[in-house]
Structure formats: C-alpha cells, structure tokens
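# Descriptive analysis of the structure
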Amino acid sequence: MRLFNSLFLFFTVRKKKMEKLKLLKTHGKEEWLRWVIGGSLVILLVLMFPRGKSLQFADMKEGSISTRRIVAPFDFEILKTKEEYQRDREIAAEKVYPIFFRDNSQTGKLIHNLNLFFEKVKKLRKMVLRAPRLKTVLKDSLLQQYPISVVNSLYLEQLIDPGGKVQSKKLKEFQNNIEHIIRDLLAVGVMDANKDQLMNPDRRLIVTEENEEIIHPFSDFYSLKEARGKTVELLNKYYPHDVYFAQVGFGIINFFLRPNLIYDKKTHHQRIEEAKARVPLASGFVKENELIVDKNERITPEIRKKLVSLATKMAEKGMQEGGIKRLFPLIGKFAFVVALLFLLTVFIIIDRPKMLKEIKSILLLSLIILLISIFTFLIHRLDASEYL
C-alpha cells in the first residue's frame with residue numbers, strides 16, 4: 001500500500017511539473033507572439049505616414065485664417081497643383097503635330113494591280129467571245145479574285161462582254177480614266193488615319209519626305225472617306241451622263257485605292273512623351289525673406305500653393321541633410337505611434353484586461369487598427385500631390 005501511495009504521489013507530482021512546464025512554454029510563446037504583433041503593427045503604421053513633405057502647415061487650409069506670419073526662409077519654386085500639372089501636360093501633348101511619311105511606292109503598286117485587273121478582264125472578254133454561255137461563270141470567277149462591290153452585279157458581267165455596252169475602245173478609255181483618278185488622289189495624298197481622331201487643335205500635321213519634315217494643314221490631304229467623295233466627283237466629271245461607268249469606276253477605285261500617307265504612331269507618341277516630360281513642375285518663384293502670408297490673413301489658393309511648395313522643399317532639404325538629422329522624422333513618427341499604442345494599451349488594461357490575455361483578441365484589435373490606417377493611407381494617396 002505504501003508503495004502504491006509513493007508511486008501515485010510520484011506520478012502526480014511529475015504530471016503537475018509537466019503541466020507547469022507546458023504552461024510556461026505556452027505563456028512564453030504567447031508573449032513572443034504579442035511582441036511580434038505589436039512590433040509589426042508599429043512598423044506598418046510608421047511606413048504609412050505621409051512622406052515627402054512637412055506637416056508644418058497642415059492646419060493652414062484654403063479659406064482659413066492664418067494664425068502666424070510666414071516668411072520664406074530660402075528661395076524656392078512654386079509647384080503646380082496636380083490638376084494644373086496634368087492640364088499643362090495635356091496641352092503640351094496636343095501641340096505635338098501627328099507625323100506621317102509619304103509612301104511613294106504605293107502609286108506604282110496600285111497602278112500595277114489595276115493593270116493586272118484589266119488584263120484579266122480582257123482575257124475573260126476573249127473567252128466570252130468564244131463561249132458566250134460562260135459569261136456568268138467567268139464573271140463569278142472575276143469576283144472571286146477581285147471582290148469588287150458594285151450596285152448591280154450585272155455591271156461586271158457587262159464589263160467582260162465584248163458584244164455588249166463596253167466596247168474595246170471604251171474599255172481602254174475607262175482604264176485610263178481610272179488610272180488618272182488614282183494618280184490624282186495619291187498625288188495629293190491619302191491618309192491612313194481619321195482626321196477627327198488626330199487630336200490637334202491647330203489641325204496640322206507633319207509629312208516626312210526625303211528626310212525632310214514639312215508642316216501642312218489637314219485640308220491639304222484626303223482621308224479615305226474624303227478620297228471616296230473626290231472619286232465620285234471626278235467620275236461624274238468624266239461620265240456626267242453615264243451612270244454605268246460611274247458606278248463601276250467607283251467600285252474598282254474603292255477596291256484598289258490604298259493610303260500613301262502612313263501615320264507614324266510610334267514617333268508621334270514618342271514626341272508626345274518628350275513634350276510632357278519638358279513641362280515644368282513649377283509655375284513661379286518665391287525669393288528668400290519674401291512674405292508668404294501675414295497673421296490674420298485669409299489663405300487664398302495662391303498662398304496655399306506657396307505653403308505646400310515650401311513644405312515640400314523643407315522636407316526635401318531635410319532629407320538631403322546628412323547625419324542623424326535625417327533620422328529625426330522617422331524617430332518622431334516611431335515615438336508618436338508607440339505613444340498612441342501605449343495609451344491604448346493602458347486603457348485596455350484598466351477597462352478590459354482580459355483582452356490582452358488572448359492572442360486572438362490582440363490580433364483582431366491589431367487588424368482593426370491596421371485596416372483603418374490602410375483606409376486613411378489610401379485616401380491620402382488619392383489626394384496626394386504630384387510631387388510626393
């Protein structure tokens with residue numbers, strides 16, 4: 001019996017020691033987690049503080065009354081607001097003329113393709129002459145190779161009929177007129193871009209020819225739509241009383257015509273970016289010892305711009321200074337965050353001490369604080385200046 005009691009006592013004491021040791025380990029782990037959560041929260045909050053400008057004039061909003069006299073401590077530039085800077089960049093981009101280069105080889109290519117078409121027509125006319133019943137089949141083969149759109153498909157059938165309306169002499173004359181119209185259009189220039197989509201208030205463009213850039217008004221050239229309208233005008237001039245040749249001619253020209261003024265989008269966009277980059281950040285200058293705002297003076301938009309510019313320049317000068325002075329803002333932010341969290345912790349210890357004993361409660365509280373801080377940070381970034 002004594003042996004049993006001794007063994008029971010031994011195992012009971014051992015079990016209590018094991019439970020105590022386990023409790024100490026658990027407590028140590030929880031303590032370590034508390035420090036990790038607290039330290040991480042402090043670091044994240046410090047990193048979300050505004051950077052790049054001093055908060056010295058944060059209370060001096062537009063429309064408020066100044067409570068102190070502020071004189072420029074040094075020379076500095078008056079920085080534009082985000083809206084002003086963006087507007088100036090847009091204006092600079094609009095002043096860059098779109099760039100085109102003239103493809104002089106296009107005329108030869110189009111005339112060559114046109115001649116191949118008429119050679120095909122002449123070849124089919126000979127075949128129709130030998131076998132008139134194949135006229136429709138041959139017309140379909142022509143359309144398959146050259147899907148020309150005309151008002152009436154029978155018009156093309158008449159084109160390959162040597163015994164119909166189009167005699168050989170008229171066909172030759174028709175071919176020459178089509179060629180002349182295409183040459184005239186390309187001699188002026190047909191653009192491959194819609195004029196309305198080229199955002200330029202001056203309605204001007206640059207044409208590169210033989211490594212020389214020449215500025216022209218938009219009206220000097222045709223868009224594809226304008227070229228088609230000019231085609232109708234010229235065809236009516238050649239065939240004022242013959243609808244057939246006017247209709248077929250328009251279909252042929254519309255099929256073969258290609259722009260010979262090619263929009264150089266890459267170079268244009270590159271020059272736009274260069275023009276935007278040249279837009280200055282500053283809209284004015286403040287000299288040292290110049291009065292910015294006097295006491296009891298209302299803060300106007302212009303005064304507010306000067307104060308924001310001064311705050312930004314003061315922050316930049318602080319960052320440029322060497323030594324421990326560079327760490328002062330960071331140390332101040334760190335001390336501020338720690339002080340706030342310390343006050344919050346003291347309040348919880350007094351009012352809700354059980355919250356600090358559970359890791360889940362500490363983690364939940366930290367996440368709430370972090371989410372509120374992230375939300376505030378995002379709002380600040382959306383309204384941030386261009387120069388932060």
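Below you will find a few notes about this structure. As the structure is a prediction and not an experimental result, all values here were calculated from the model. (Residues numbered from 1 in each chain as written. Predicted model: local features only at pLDDT ≥ 70, side-chain atom pairs only at ≥ 80, totals over all residues. Heavy atoms only, no water.)

## Structural notes on the overall build of the protein
The helix and strand tally for the protein stands at 12 helices and 8 strands. Long-range contacts, defined here as pairs at least 24 residues apart, represent 80% of the contacts in the protein between residues at least 6 apart. Looking at the protein as shown, the accessible area adds up to about 25,300 Å², and 60% of this sits on carbon and sulfur atoms. (Helix = DSSP H or I, 4+ residues; strand = E, 2+ residues; numbered from the N terminus. Contact = heavy atoms within 4.5 Å. Areas by Shrake-Rupley, 256 points an atom, 1.4 Å probe, with all protein chains shown as cover.)

## A word on the sheet that holds strand β6 (residues 261-263)
With mixed pairing, the 4 strands of this open sheet are ordered in space as β5-β4-β3-β6. The sheet is open, and its two edges are formed by β5 (212-217) and β6, each paired on a single side. Strand-to-strand twist across the sheet, computed as the mean angle between neighbouring axes with direction ignored, equals 35°. By the bridge criterion, 6 bridges tie strand β4 (residues 204-209) to β5 in an arrangement that is antiparallel. Residue pairing across strands places Thr208 opposite Glu213, the latter belonging to β5. (Pairing = 2+ DSSP bridges. Axes fitted to C-alpha atoms, helices over the stretch in contact; angles between N-to-C directions.)

## Comments concerning the environment of Asp196
By secondary structure assignment, the location of Asp196 is in the loop between α6 (168-188) and β4. Relative accessible area serves as the criterion here: at 64%, Asp196 is assigned to the exposed category. For the pair Asp196 and Ser223, spaced 27 residues apart in sequence, the C-alpha to C-alpha distance is 9.9 Å. (Buried < 20%, exposed > 50% of the residue type's maximum accessible area, 1.4 Å probe, protein only.)

## Observations concerning a positive patch on the surface
A cluster of basic side chains, namely Lys122, Lys126, Arg130 and Lys172, defines a positive patch on the protein surface. It is helix α3 (residues 105-130) that provides the largest number of residues to the positive patch, a total of 3 residues. Looking at the secondary structure, you find Arg130 in helix α3. (Patch = residues over 30% accessible without salt bridge, like charges linked within 9 Å, V, L, I, M, F, W, Y side chains within 5 Å. Salt bridge = Lys/Arg side-chain N within 4 Å of Asp/Glu carboxyl O. Lys, Arg positive; Asp, Glu negative; His and termini not counted. Charge placed at Lys NZ, Arg CZ, Asp CG, Glu CD.)

## Points about the packing of helix α7 (residues 224-238) against helix α8 (residues 243-256)
Between α7 and α8, the least distance of the axes is 10 Å, while the angle of their chain directions is 145°. In the packing of α7 onto α8, the handedness of the crossing is right-handed. Facing Arg228, Thr231, Val232, Leu235 and Asn236 of α7, the residues of α8 in contact are Ala246, Gly249, Phe250, Ile253 and Asn254. Residue composition of the contact of α7 with α8, by class: 5 nonpolar, 4 polar and 1 charged. (Left-handed = near helix turned anticlockwise from the far one by under 90°. Nonpolar A, V, L, I, M, F, W, Y, C, P; charged D, E, K, R; others polar.)

## A short note on α6
Between its first and last C-alpha, α6 extends 31 Å over 21 residues, near the 30 Å set by a 1.5 Å rise per residue. Listed in full, the buried residues belonging to α6 are Leu171, Phe174, Gln175, Asn177, Ile178, Glu179, Ile181, Ile182, Leu185 and Leu186. Those residues of α6 hidden inside the fold are in contact with β3 (99-102), α3, α5 (154-159), α7 and α8. With its phi angle positive at about 120°, Gly189 sits one or two positions after the end of α6. (Expected span 1.5 Å × (residues − 1).)

## What about the pairing of β3?
Note: β3 against β4, 3 bridges, orientation parallel. By the bridge assignment, Ile99 is partnered in β4 with Ile206. As defined by bridge partners, β3 adjoins β6 across 3 bridges and the pair is classed as antiparallel. Residue Phe101 lies in a different strand from β6, and its bridge partner there is Ile262.

## Things to note about the pattern of salt bridges
If you walk through the whole model with that rule in mind, you get 12 salt bridges. We note a salt bridge from Arg69 to Asp294, for which the minimum N-O separation is 3.4 Å. Note that Arg69 is positioned in the loop between α1 (2-47) and β1 (70-71) and Asp294 in the loop between β8 (291-293) and α10 (301-320), a separation of 225 residues in sequence. What makes Asp294 partly exposed here is its relative accessible area of 28%. Where Asp88 meets Lys80, a salt bridge forms, and the shortest distance between an N and an O atom there is 2.7 Å.

This is a description of form; function is not addressed.
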